[in-house]
Amino acid sequence: METLINYRKSAMPKIPEYDVAVTGSGAGGGAVAGTLAREGFHVLLIEKGGPVQSPSHAMDAIARYYAHAGYHSVFGNILCSIPTGICLGGTTAINSGTCLKTPPPLLGRWQVASQGRFQTGEFEIYLDQAWQRLRAKKVPDRLMSPSCKIILHGARASGFPHAGPLERAEHGCQGAGRCCFVCPNQAKMTSVKAFLEDGNGVVPNVMKRAQLIHLERPDGSNKKLTLGLRDLDNNTIIKIRCRILVLACGALATPYFVRRYRLGPRPGRAGNNLSIHPAAKLFGLFDAPVNGWQGVPQAAGFQNNAQEDIRYEGVYTPPELAALTMPLESHKLRYWMDRYSQVATFGFMIKDSSRGRVRYPMGQDYPIVLYNMNLPDQHLMKRSALTLANIFLASGAKKVVLPLNSPSNILPRENLGATHSNWSPRRMQMMAFHPLGTCAMGSVVDENLQIEPGIYIGDGSVIPESLGVNPQITIYAFALRLARHLAKKLRDA
Ligand SMILES: Cc1cc2nc3c(=O)[nH]c(=O)nc-3n(C[C@H](O)[C@H](O)[C@H](O)COP(=O)(O)OP(=O)(O)OC[C@H]3O[C@@H](n4cnc5c(N)ncnc54)[C@H](O)[C@@H]3O)c2cc1C
Ligand code: SF4
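Residues numbered from 1 in each chain as written. Chains lettered and ligands numbered in written order. Predicted model: local features only at pLDDT ≥ 70, side-chain atom pairs only at ≥ 80, totals over all residues.

### Points about the site of ligand 1
If you check the shell around ligand 1, you find 41 residues, and the closest are Gly24, Gly26, Gly90, Asn470 and Gln472. Residue assignment for the shell around ligand 1 shows that the elements contributing at least two residues are helix 1 (27–38), strand 10 (210–216) and helix 12 (472–492). Considering every element that reaches the shell around ligand 1, the biggest residue donor is helix 1, with 3 residues. Its residues placed into classes, the shell around ligand 1 shows 14 nonpolar, 24 polar and 3 charged. (Near = placed C-beta within 6 Å. Helix = DSSP H or I, 4+ residues; strand = E, 2+ residues; numbered from the N terminus. Nonpolar A, V, L, I, M, F, W, Y, C, P; charged D, E, K, R; others polar.)

Below is the structure:
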């Protein structure tokens, strides 16, 4: 198998020149860079993080490969962290691998909003291509985590007949249950495995542990963009030139460059329109051992039938993390942790109508995320949690911990009314795994994802609205479409 061509930073010529420089090696950046390199273009992929290795402890993976060691939080009326990956492969190295295509009504809306410049039919071709390259397939029954199996049973009995296995990006998955902490079997299909190490011979140059910190537009004497990159290993600055720059630093980082360098006609909008898919998980205690650490954690899922605004998906929290994150204290926490082998977990996320913002008063390394959850989303969170709690009980759980920082957060209990009245946004325990929309197509970038001549955006920030489904396939598809557009442009030039 081909390995990535690692850039020897010390051996660089004076100012090397490229057809395309791509910053960020996640779903968007990895797909654009890999596709263009395979088409024969001279591509440099710049990644702030380093390569990943599967550590034996989940906490180690979080410390090494999650931005801000996983503790990046929003400011607003909710308590919610937003983890993202900083490593080769970006967030795809630490994601669950679930693949769901963009809901068709959204594609139709984007086509209408763009007056036909975004074409649903064309985009579906890229969704299929992404699907194939990620080798997306249904989780087989033998690999499904026991936690998921138990909850599926209760979900089907509770009016969700379509509850079933999810499709995931993997090749050779053995159900080791560590997807979010770097797959120990290298089975999960990350952006690196799908687009940068595909065995077809041509891969881009990859400069790891290097960060885009500066950009200069072409001027009279120089027709190319000049980028300043910080070598994070020895803190030196490297300059490179490129005909085209693709910013793919993720929805929380890319707007920094748009705002800082006043890119495009509407730089002030960059960072607005942030959707995050607020999510939460429940714990259920069963009589018999569940052994939830076995198998694929996010193996099964379902959605509410009426509107597609809630998705329920499997999750497993290793005990070392559960002890930190369960909303329980003292003897209650001890009670649940002593019985953790009998505990099943399952989560949900909502398609949010609230919108946040990201700003950079302390520079690109410390994005400040502002997000206030509106009332409809608060109700949706509560409704989702109570529906899932009832599914746990229908599955045979004796007790369920709600995602609520309140002493009355364990069901079933006599005084259900108290649980309901304690349900305020500040008390809900949430996480959000899908920041999107901060440089939206049709607002900050055009339908070809161009922000100004020579500069494009190719990550989750271009997605115009909250998707309601896990976003990686949509981001990959946008990136493949962008790569096709750039290849044509470069050839025609
Ligand atoms: C725990 C977790 C589980 C998830 N599970 C799923 C799932 O099952 N299915 C799904 O569809 N989605 C899932 N997601 C979300 C999905 O992985 C992301 O939405 C997707 O990877 C985002 O792609 P991106 O290209 O926008 O950004 P990223 O993948 O985040 O990539 C951005 C990259 O840019 C780099 N970078 C940032 N700044 C700079 C700079 N200045 N210079 C150079 N490099 C820079 C970062 O280090 C990073 O590698 C999950 C996310 C998390 C956190
Ligand atoms: S379940 Fe295990 S083997 Fe399968 S992709 Fe996740 S970490 Fe890898």
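Now that the structure has been shown, we can carry on.
### Focus on helix 10 (residues 375–394)
If you check helix 10, its first and last C-alpha atoms are 29 Å apart, about what 20 residues at 1.5 Å a residue would give, namely 28 Å. For helix 10, the full list of buried residues reads Asp377, Leu380, Met381, Ser384, Ala385, Leu388, Ala389, Ile391 and Phe392. For helix 10, the angular spread of the buried residues around the axis is 165°, confining them to a single face. Opposite its buried face, helix 10 presents the exposed residues Leu375 and His379, each directed more than 90 degrees away. Each element contacted by the buried residues of helix 10 is listed here: helix 5 (146–157), strand 13 (278–285), strand 15 (310–314), strand 16 (343–350), strand 19 (399–401) and strand 20 (410–411). Of the residues one or two after helix 10, glycine 396 is the one with positive phi, at around 110°. (Expected span 1.5 Å × (residues − 1). Buried ≥ 20, exposed ≤ 12 C-beta atoms within 10 Å, placed from the backbone. Arc of directions from axis to C-beta. Contact = placed C-beta atoms within 7 Å.)

### Details of the pairing of strand 16
Counting buried residues in strand 16 gives 8 out of 8 residues, a clear majority hidden from the surface. Burial of strand 16 is two-sided: the residues Val343, Thr345, Gly347 and Met349 facing one way and the residues Ala344, Phe346, Phe348 and Ile350 facing the other way are all buried. As judged from the 7 bridges shared by strand 13 and strand 16, these two strands associate in the antiparallel manner. Within the sheet, the bridge partner assigned to lysine 281 lies in strand 16 and is glycine 347. (Pairing = 2+ DSSP bridges.)

### Things to note about the site of ligand 2
Near ligand 2 you find 14 residues, and of these Cys173, Ala176, Cys179, Cys183 and Lys188 are the closest. Looking at the shell around ligand 2 residue by residue, the class counts come to 6 nonpolar, 5 polar and 3 charged.

### Some words on the sheet that holds strand 17 (residues 357–359)
Ordered by their spatial adjacency, 3 strands build an open sheet running 4-18-17, and the pairing between neighbours is mixed. Because the sheet does not close on itself, it has two edges, and the strands there are strand 4 (74–75) and strand 17.

### Some words on the packing of helix 1 against helix 12
The relative placement of two packed helices comes down to the angle between their axes together with the axis-to-axis distance. Running from amino to carboxyl end, helix 1 crosses helix 12 at an angle of 35°, the nearest separation of the two axes being 8 Å. Note that helix 1 runs across helix 12; the crossing there is right-handed. From helix 1, Ala27, Gly28, Ala31, Val32, Thr35 and Leu36 reach across to helix 12, where they touch Gln472, Ile475, Tyr476, Phe478, Ala479, Leu480, Leu482, Ala483, Leu486 and Ala487. Class assignment for the residues of the contact of helix 1 with helix 12 results in 13 nonpolar, 3 polar and no charged. (Axes fitted to C-alpha atoms, helices over the stretch in contact; angles between N-to-C directions. Left-handed = near helix turned anticlockwise from the far one by under 90°.)

### Focus on helix 5
With 12 residues, helix 5 should reach 16 Å at 1.5 Å per residue; the first-to-last C-alpha distance of 17 Å fits that figure. When we look at burial in helix 5, the residues that qualify are Ser147, Cys148, Ile150, Ile151, Leu152, Gly154 and Ala155. Tucked inside the fold, the buried residues of helix 5 contact strand 7 (164–165), strand 14 (300–303), strand 15, strand 16 and helix 10. Looking at the residues trailing helix 5, positive phi occurs at glycine 159, about 95°.

### Remarks on unusual backbone geometry
In most cases, non-glycine residues show a negative phi, while peptide bonds are predominantly trans. With phi around 55°, arginine 135 is a residue other than glycine that occupies positive phi space. Despite not being glycine, histidine 277 has its phi angle at roughly 55°, a positive value. Within the element layout of this structure, histidine 277 appears in the loop between helix 7 (254–260) and strand 13. Among the residues examined, histidine 277 registers 22 C-beta atoms within 10 Å and is labelled buried.

### Thoughts on the pairing of strand 14
Burial along strand 14 is two-sided: the residues Ala300 and Phe302 and Gly301 and Gln303 are all buried. Here strand 7 pairs with strand 14 via 2 bridges, running antiparallel. Within strand 14, the residue paired with glycine 164 across the bridge is glycine 301.

Read these as geometric descriptors, not functional statements.
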